[in-house]
Amino acid sequence: MFADRILSGMRPTGSLHLGHYHGVLKNWITMQHEYECLFFVADWHALTTHYDAPEIIEQSVWDMVIDWLASGVDPARATLFIQSKVPEHAELHLLLSMITPLGWLERVPTYKDQQEKLTSKDLTTYGFLGYPLLMSADILAYRSTLVPVGEDQIPHLEFTREIARRFNHMYGREPGFADKAEAAVKKLGSKKARLYKELRNRFQEQGDDEALESAKALLDEQQSLNLGDRERLFGYLEGGGKMILSEPQAMLTVASKMPGLDGQKMSKSYNNTIALREDEASVAKKIRTMPTDPARIRRTDPGDPAKCPVWALHQVYSSEQIKQSVVQGCTSAGIGCIECKQPVIDAVLSEQRPMRERAQLYLDDPALVRNIIADGNEKARKLAGETMRDVREAMGLSYA
Ligand code: TRP
Ligand code: SF4
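Residues numbered from 1 in each chain as written. Chains lettered and ligands numbered in written order. Predicted model: local features only at pLDDT ≥ 70, side-chain atom pairs only at ≥ 80, totals over all residues. Heavy atoms only, no water.

1. A closer look at unusual backbone geometry
Glycine aside, a negative phi is what most residues show, and trans is what most peptide bonds show.
Okay, so step 1: The backbone phi angle of N271 is positive, close to 55 degrees, even though this residue is not glycine.
Okay, so step 2: In this structure, N271 sits in the loop between β5 (249-252) and α14 (280-288).
Okay, so step 3: A positive phi angle is found at A333, which is not glycine, with a value near 60 degrees.
Okay, so step 4: Inspection of the secondary structure puts A333 in the loop between α16 (320-331) and α17 (337-364).
Okay, so step 5: A residue is classified by how much of its surface remains accessible, and A333, at 15% relative accessible area, is buried. (Helix = DSSP H or I, 4+ residues; strand = E, 2+ residues; numbered from the N terminus. Buried < 20%, exposed > 50% of the residue type's maximum accessible area, 1.4 Å probe, protein only.)

The structure is reproduced here in structure tokens:
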């Protein structure tokens, strides 16, 4: 139905806040209408850094899933699941580890960075070093074609592509590949076979990327091809051998600039967050007590919105008209800060209202959430199982 399959994961780190909503979840909600989407709770990933706090995982998982649903992630459109309930991720991680050069892992920039940053933890573990490979396994298990990532995760995607390429190169070579590929071309029927060959030539002889994309699209449409032939034809386009694992593309998402209560980026570690489903009185209080332009000591002192964290929230929540009256009122001391904050309070509360309502449904009946996840786990296992069958076979493990 959709040409692209998107996979994205989030670590369960407790209740989500509005920074997650504006930075990630809104994007998921848009994507679920445009792509086949798989969204998962990366609980094993959480253990790579929080292995010493297993007691917080379970609650964080359910809180987070409820936050997803509350935001509008729709289980009828997207598959929602938990990583550790799909053991295929672990199996693929293990099998890929056999061919992963240590140097590739050591060179992933987050490895040294995080070790230096999180000094309170001992991160000289095997699990932490292998974290990018676990992420690769997550992605490759579903033959995901697009992965939304922030700038910082681009190296992980590049690493994943290299692993897929290495795997295909090592295991995609079968005796008589070219003959088998030619036989598969014939099965396309004469018209499509001619088109396939023409596009393949254009790509191989002139490096025409558009021809490559058209040829892939042509193959995507062929429902009747068996899996082996499909992989051969994909692999034959680019040379080499069968394409058992597909290389995902990064879909760069702009980092959220969602400001927190103090003007810095909203983040749990800065203690400046508003939770997604925070109760109304607490939201109002937090915003009412936000710091403002320090030059506005008295109501009669004019201020400068550029020096005020409340202004940063107006940028996210207010209409042009309100923003104009804030600039006008602030710089002329025409309005007080409490007055200025009210539209922000109103906007945040009205953004959260439907979320709180949706969440209530799930809080009242936790079995709903369990069922959504159980369904998702099952769907995910089925998809990952298809990939694993090919991977096991390629690695000589398909005996009974
Ligand atoms: N790396 C992401 C994080 O730490 C989560 C993640 C794990 C992920 N596996 C993924 C994201 C696969 C996208 C695709 O937050
Ligand atoms: Fe900030 Fe508004 Fe007060 Fe100006 S009036 S300092 S923008 S809260």
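From this point on, the discussion continues.
2. Notes on the nonpolar core
Okay, so step 1: Of all hydrophobic cores here, the largest spans 55 residues; its most connected members are F39, W68, L80 and I287.
Okay, so step 2: Looking at which domains feed residues into this core, each of domain 1 (5-172 + 247-257 + 365-394) and domain 3 (277-364) supplies at least three.
Okay, so step 3: Beyond its immediate chain neighbours, meaning those up to four positions away, I287 contacts L261, I274, K341, V344, I345 and V348. (Core = buried A, V, L, I, M, F, W, Y, C linked by side-chain atoms within 4.5 Å. Domains from an automatic or database assignment. Contact = heavy atoms within 4.5 Å.)

3. Some thoughts on the packing of aromatic side chains
The description of an aromatic ring pair rests on the distance of the ring centres and on the angle between the ring planes.
Okay, so step 1: The full count for this structure, using the stated rule, is seven aromatic pairs.
Okay, so step 2: Ring geometry for F167 against Y171: centres 4.8 Å apart, planes inclined by 55 degrees, an arrangement best described as tilted. Highlighted residues: F167 and Y171, both in helix α9 (residues 154-171), separated by four residues, approximately one helical turn.
Okay, so step 3: Here F167 falls in the buried class, since its relative accessible area comes to 1%.
Okay, so step 4: Among the residues examined, Y171 registers a relative accessible area of 23% and is labelled partly exposed.
Okay, so step 5: A ring pair is formed by F177 and Y236, whose centres lie 6.0 Å apart and whose planes are at 75 degrees; its orientation type is edge-to-face. You can see F177 sitting in helix α10 (residues 177-186) and its partner Y236 sitting in helix α13 (residues 227-238), a full 59 residues away along the chain.
Okay, so step 6: Here Y236 falls in the buried class, since its relative accessible area comes to 10%.
Okay, so step 7: Feature note: the residues W28, F39 and W68 constitute an aromatic cluster, connected by ring pairs.
Okay, so step 8: Against the face of Y131 rests R11, its NZ or CZ located 5.1 Å from the ring centre.
Okay, so step 9: Here the basic side chain of R370 rests over the ring of W62, its NZ or CZ set 3.9 Å away from the ring centre. (Phe/Tyr/Trp six-rings, centres within 6.5 Å; stacked < 30°, edge-to-face > 60°. Lys NZ or Arg CZ within 6 Å of the ring centre and 35° of its normal.)

4. Concerning the site of ligand 1
Okay, so step 1: In the vicinity of ligand 1, the residues found are L7, S8, G9, R11, F40, H45, Y131, M135, D138, I139, V147 and Q153.
Okay, so step 2: Contact between ligand 1 and D138: a nitrogen atom at 2.8 Å from a side-chain N or O atom of the residue.
Okay, so step 3: Its free accessible area being 360 Å², ligand 1 has 87% of it covered by the protein chains.
Okay, so step 4: Mapped by element, the contributors of at least two residues to the shell around ligand 1 are β1 (5-10) and α8 (131-141).
Okay, so step 5: In terms of residue count, the dominant contributor to the shell around ligand 1 is α8 (four residues).
Okay, so step 6: Residue classes in the shell around ligand 1 are distributed as six nonpolar, four polar and two charged. (Near = heavy atom within 4 Å. Polar contact = N/O pair within 3.5 Å; in protein donor to acceptor, adjacent residues only side chain to side chain. Areas by Shrake-Rupley, 256 points an atom, 1.4 Å probe, with all protein chains shown as cover. Nonpolar A, V, L, I, M, F, W, Y, C, P; charged D, E, K, R; others polar.)

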